[in-house]
Amino acid sequence: MRLWILLLLLLRQSHLGNAPWTEGLQAEGAISVSLPAPSNVSISSINMEHTLSFLPGADSPDSSRFEVQVVRVSKRSWTAVAACSALKAGQTCNLTQVFKKPLEQYRARVRAFTAGQTSSWTVSAAFQPLSDTVLGPPDVVVSGCGNCLLLQVRPPSSVGMLPTDLYMDLVLNVKRTRDGAQFILTRPYKEEMEISYLQRGVEYCVTVTVKTLFNDNSVPSDAHCAFTSPPPSHSLSVVYGLLGAFCALLLLLIGSITCNGQLSVRLLRRRLPTSLSQVQTRTSSDPSS
């Protein structure tokens, strides 16, 4: 079986070239078109990474393999994708390096084959890399700057990265954590920017969405939150509270001592005349005097 598949691949490659697939293996007369054709052939793309997927036809034998060809619509000449010449059911085909021209329209097609049989081709819808890709969330870092927020925005890491000079705008959704008040800003794309005129010491959360001239299929970033300026420290508040309580106790103690001192002086003043009069009485009544 492996030998038959190898021979089939060699025959197929020798007849591909740049000619239309109408000159394919069926022209050899050794392979019949009797396998179920694949279904749901589609191309998905995130951040310019393009992936073709498909489903095997109903009742396809387990030994079936699947091959992929692509065409630039303007050229109308199908080309085999070498890395996707013998896929198994459930596998996908990475077309990132095949669709090199972002403004061109492409199609892909898939068919099943075994050692002695093949299916008809199933063709995908037209696909344009730049307009049909989905722009994933950018990498965002937010920090406070007094009454403002500083944003650092970077494109997501990706093999098929979209050139940043095609980025047009950043849509910023700014939300105040305390009460949920929010507003939206649209700014020209920059990797660093400032959101001004915010309240000091307040936390805000920012989500960022990238827009391009050709594409509005964008996924916003997660919410990134920061205080405009450092909020009062909880531990510092505790220290201030304890210090205030200590000062209050100290004032009470001083007040208590002062009050007790004044009371003692008053009692002493009251007792002193009585004591003096008693001394004088005793002195006058003494016979020896």
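Just above sits the structure.
Now for a description of the structure that goes with this document. Residue numbers run consecutively from 1 along every chain, following the written order of its sequence. At least 70 in pLDDT is required for a residue's local features to be given in this predicted model, at least 80 for side-chain atom pairs to be given and counted, and no such filter applies to totals for whole chains, interfaces and linings, which use all residues. Excluding hydrogens and water, the side-chain values take into account all heavy atoms of the structure.

Side note on the sheet that holds strand β10 (residues 139-144)
Strand order in the open sheet formed by 3 strands is β10-β11-β14, and the pairing between neighbours is antiparallel. On the outer flanks of this sheet lie β10 and β14 (192-195), each paired with one strand and no other. Looking at each pair of strands side by side, their axes are set apart by 25° on average, direction ignored. In this description, strands pair whenever DSSP reports at least two bridges between them. Here a strand is any run of E in DSSP of at least two residues, a helix any run of H or I of at least four, and the numbering for each starts at the N terminus. Across 4 bridges, strand β11 (residues 149-154) lies against β14 in antiparallel orientation. Considered in β14, the bridge of L151 is made with M193. Axis geometry follows a simple rule: fit a line to the C-alpha atoms, using only the stretch in contact for helices, then measure angles between N-to-C directions, giving values from 0 to 180 degrees.

Side note on the sheet that holds strand β13 (residues 182-188)
Strand order across the open sheet formed by 4 strands is β13-β12-β15-β16, with antiparallel pairing between neighbours. Looking at the sheet topology across the chains shown, the edges are occupied by β13 and β16 (224-227). The mean angle between the axes of side-by-side strands here comes to 30°, regardless of whether they run parallel or antiparallel. Looking at chain direction, strand β15 (residues 203-212) and β16 are connected through 4 bridges and run antiparallel. Counterpart to C205 in the pairing with β16 is C225.

Concerning the pattern of salt bridges
One side-chain nitrogen of Lys or Arg within 4 Å of one carboxyl oxygen of Asp or Glu is enough to make a salt bridge. If you walk through the whole model with that rule in mind, you get 4 salt bridges. In this structure, R72 engages E104 in a salt bridge whose closest nitrogen and oxygen atoms are separated by 3.0 Å. Taken together, the residues span a long stretch of sequence, with R72 in strand β4 (residues 65-72) and E104 in the loop between β6 (93-94) and β7 (106-113) at a distance of 32 residues. With its nearest N and O atoms 3.7 Å apart, the salt bridge here joins R154 to E191. Remark: E191 occurs in the loop between β13 and β14 and R154 occurs in strand β11; sequence separation between them is 37 residues. Here the term buried applies to any residue with accessible area under 20% of the maximum for its type, exposed to any over 50%, and partly exposed to those in between, with areas from a 1.4 Å probe on protein chains only. In this structure R154 comes out as partly exposed when scored by relative accessible area, which is 33%.

Such coordinate-based values are descriptive only and should not be taken to indicate function.
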